[in-house]
Amino acid sequence: MVFENGAKRVTALIFVIFLFVGFLRNDSYMQVQTIADYLGQDIESLGEKDALSIKNMEYDYTANIPKRREWIDLNGRMAKWLKMKNLYSNMGMYITDDLYILSASPYTSTDYEYEQTIEFKKFLDENGIHLLYVNEPTKYMDDSLLQNEFGVETYSNRNMDTFLSRINGAGVHALDLREKIRTEGINISDLFYRTDHHWTAEAALWASEKIAEGLNEHCGYHIDLSIYDEENFSYTEWKACWLGEQGRKVGGAYVGLDDYTEIKPKFPTDYTFKSIKGDYSGTFDDFIDESIYDLEADVYKNRSWHYSYDKIDCVNNNVNYGKILILGDSYEQVTEPFLSLGVHAVDTLVLRDYDPASFDLRNHILENGYDTVIICYAQFMVGAHDKTSSANYRMFTFE
């Protein structure tokens, strides 16, 4: 512990020297007026949105440091060499011995999420609409892992255990993918990228079959689950080809690059896609933007390969039954395309992108005639409403 603390101080000192050099080289010392504007501004009259903030000033500075990527990688190399797995704890990230990036979640009562979900179920029941809740796991299924390896308390799985127990007791059909993972003896690490918090395309395909099972069991569907058999898909693999959102913060020199697998159905597909510019016809390939798979691009600047798949509202012309609304998150970039293979029509909403003051979710559901609503959330969404500054603050506001 003494060695690690001393190493941290040495690393910090060296890094500060590098930052000071960068400060001189990128003319940041010329920004005295910006600092003066910050100190002299009237935040009440400007409002938080328009006011200068330390965070924005810091971002502007760090974004323009010469050789920024090289400094990130240098910091990562030193941290890796010194085995400083907790170095990035201020960003909520912890790195395991096998270079797997994990994050902790604080305790939450789950009261807000429970109350909103139960009231939402009542509304759906009154209108003859099915509700299925799907828990998408995080990158570990035992909260003691972070305590044992990093001395950090996390409540991610315990929060979800509490929440699922409560909504199950109130009659909500809930699919806990953690149970499926345990039953099938799957290693949770195999379902996620090392340098990103999202799950892989293989995981999304696997999860889509489990969700289809849930639709058959609880929502009156009769999806042929054999369409999700592995032999019905083609797999294209790239090794050490991209860097996830978490990896970009700690440095590729520390955690290395992630592998990637693109998955497409071998069987014919026929879709009508919906967009603000009008409907258009296509196939499953239209869910995927393969231009993102650029091996020559800067891994720090290129778009995340996870987002090569897109959650496009669609009609599957090869399937006759089902109209589903998915209330999801960024995991659904990959999940929605695969799930749509067994359903006639699938739309997706990410509630953090909508203001309840101007968007009425319940009217939207009734106007579009959905027979089923699926809430598909990564389990760290539970508790986000405890913090007003969270980007996911509105995810459980089902009004």
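The following paragraphs examine the structure supplied in this document. Just so it is clear, the structure is predicted and the values come from calculations on it, not from any experiment. (Residues numbered from 1 in each chain as written. Predicted model: local features only at pLDDT ≥ 70, side-chain atom pairs only at ≥ 80, totals over all residues. Heavy atoms only, no water.)

**Overview of the overall build of the chain**
Scanning the chain from N- to C-terminus turns up 14 helices and 12 strands. Looking at the chain residue by residue over its 399 residues, the buried ones come to 48%. Pairs at least 24 apart in sequence give 71% of the contacts found in the chain among residues at least 6 apart. On the chain, roughly 19,800 Å² of surface is accessible, and the fraction owed to carbon and sulfur atoms is 50%. (Helix = DSSP H or I, 4+ residues; strand = E, 2+ residues; numbered from the N terminus. Buried < 20%, exposed > 50% of the residue type's maximum accessible area, 1.4 Å probe, protein only. Contact = heavy atoms within 4.5 Å. Areas by Shrake-Rupley, 256 points an atom, 1.4 Å probe, with all protein chains shown as cover.)

**A closer look at helix H13 (residues 332-339)**
H13 sits mainly inside the fold: 8 of its 8 residues count as buried. Buried within H13 are the following residues: Glu332, Gln333, Val334, Thr335, Glu336, Pro337, Phe338 and Leu339.

**Topic: the packing of helix H10 (residues 201-218) against H13**
The interhelical angle for the contact between H10 and H13, taken along N-to-C directions, is 55°, at an axis separation of 8 Å. On the basis of the axis angle, H10 is oblique to H13. When you trace H10 past H13, the crossing you get is right-handed. Residue-level contacts link Ala201, Ala204, Leu205, Ser208, Ile211, Ala212 and Leu215 of H10 to Val334, Thr335, Phe338 and Leu339 of H13. The residue inventory of the contact of H10 with H13, partitioned by class, reads 9 nonpolar, 2 polar and no charged. (Axes fitted to C-alpha atoms, helices over the stretch in contact; angles between N-to-C directions. Parallel < 35°, antiparallel > 145°, perpendicular 65-115°, else oblique. Left-handed = near helix turned anticlockwise from the far one by under 90°. Nonpolar A, V, L, I, M, F, W, Y, C, P; charged D, E, K, R; others polar.)

**Notes on empty space enclosed by the protein**
A water-sized probe, rolled over the atoms, reveals where empty space remains. For the structure shown, the criterion picks out 4 cavities of 30 Å³ or more. If you go around the largest cavity, the residues you meet are Leu351, Tyr354, Asp355, Pro356, Phe359, Leu361, Arg394, Thr397 and Glu399. Along the lines of polarity and charge, the residues of the lining of the largest cavity split into 5 nonpolar, 1 polar and 3 charged. (1 Å grid on protein atoms, 1.4 Å probe; cavity = no way out; pocket = protein on both sides within 12 Å on 5 of 7 lines; lining within 4 Å. Points joined across faces, edges and corners; volume = space filled by probe spheres on them.)

**With respect to the nonpolar core**
Leu215, Tyr260, Tyr309 and Phe338 are the most contacted members of the largest nonpolar core, which totals 61 residues. By residue number, the principal contributor to this core is H10, which donates 9 residues. Among the nonpolar cores identified, the runner-up in size contains 29 residues, and Leu131, Tyr133, Leu349 and Leu351 belong to it. (Core = buried A, V, L, I, M, F, W, Y, C linked by side-chain atoms within 4.5 Å.)

**Regarding the sheet that holds strand E11 (residues 345-349)**
Strand order in the open sheet formed by 8 strands is E4-E3-E12-E10-E11-E9-E7-E8, and the pairing between neighbours is mixed. The sheet terminates laterally at strand E4 (173-176) and strand E8 (280-282), the two strands that pair on one side only. Mean inter-strand twist for the sheet, computed between neighbouring axes without regard to direction, equals 20°. Sheet topology places strand E7 (residues 271-273) next to E8; 3 bridges connect them, and they run antiparallel. The residue bridging Phe273 from the neighbouring strand is Tyr280, located in E8. Along the sheet, H10 contacts strand E3 (130-136), E4, strand E10 (323-327) and strand E12 (372-378); its crossing angle with E3, the most-contacted strand, is approximately 150°. Running at roughly 160° to E10, helix H14 (residues 361-368) makes contact with E10, E11 and E12 of the sheet. (Pairing = 2+ DSSP bridges.)

**What to know about helix H6 (residues 111-126)**
Here H6 is 16 residues long and its end C-alpha atoms lie 23 Å apart, about the 22 Å a rise of 1.5 Å per residue gives. For H6, the set of buried residues is Glu113, Gln116, Thr117, Ile118, Phe120, Lys121, Phe123 and Leu124. (Expected span 1.5 Å × (residues − 1).)

**Details of the side chain of Thr117**
For Thr117, the position within the fold is in helix H6. Judged by its relative accessible area of 0%, Thr117 is buried. Not counting residues up to four positions away in its chain, the partners in contact with Thr117 are Phe163, Ile167, Val172, Phe396 and Phe398.

**Details of the packing of aromatic side chains**
Tallied over the full model, the rule gives 32 aromatic pairs. Sitting over the face of the ring of Tyr100, Lys139 holds its NZ or CZ atom 4.7 Å from the ring centroid. Above the ring of Tyr370, the side-chain terminus of Lys323 is found at 5.6 Å from the ring centroid. (Phe/Tyr/Trp six-rings, centres within 6.5 Å; stacked < 30°, edge-to-face > 60°. Lys NZ or Arg CZ within 6 Å of the ring centre and 35° of its normal.)

**Describing the pattern of salt bridges**
Counted according to the given criterion, the structure contains 15 salt bridges. A salt bridge links Lys274 to Asp347; its shortest N-O distance comes to 2.9 Å. With Lys274 in the loop between E7 and E8 and Asp347 in strand E11, this pair connects stretches of sequence that are 73 residues apart. Connected through shared salt-bridge partners, Lys180, Glu184, Lys210 and Glu213 make up one network. (Salt bridge = Lys/Arg side-chain N within 4 Å of Asp/Glu carboxyl O.)

**Details of the packing of H6 against H14**
Where H6 meets H14, the closest approach of the two axes is 12 Å, and the angle between their N-to-C directions is 30°. When the axis of H6 is compared with that of H14, the two are roughly parallel. Crossing of H6 over H14 shows right-handed handedness. For the pair formed by H6 and H14, the contact residues are Glu119, Phe120, Phe123 and Leu124 on the first element and Leu361, Arg362, Ile365 and Leu366 on the second. Looking at the contact of H6 with H14, its residues break down into 6 nonpolar, no polar and 2 charged.

**Considering the side chain of Glu336**
Position of Glu336 among the secondary structure elements: in helix H13. Buried charge Glu336 goes without a salt bridge, the closest partner of opposite sign being Lys311 at 8.4 Å. Sequence-distant contacts of Glu336, that is, excluding residues within four places in its chain, are made with Phe287, Asp310, Lys311, Ile312, Asp313, Ile326, Val346, Asp347 and Thr348. (Lys, Arg positive; Asp, Glu negative; His and termini not counted.)

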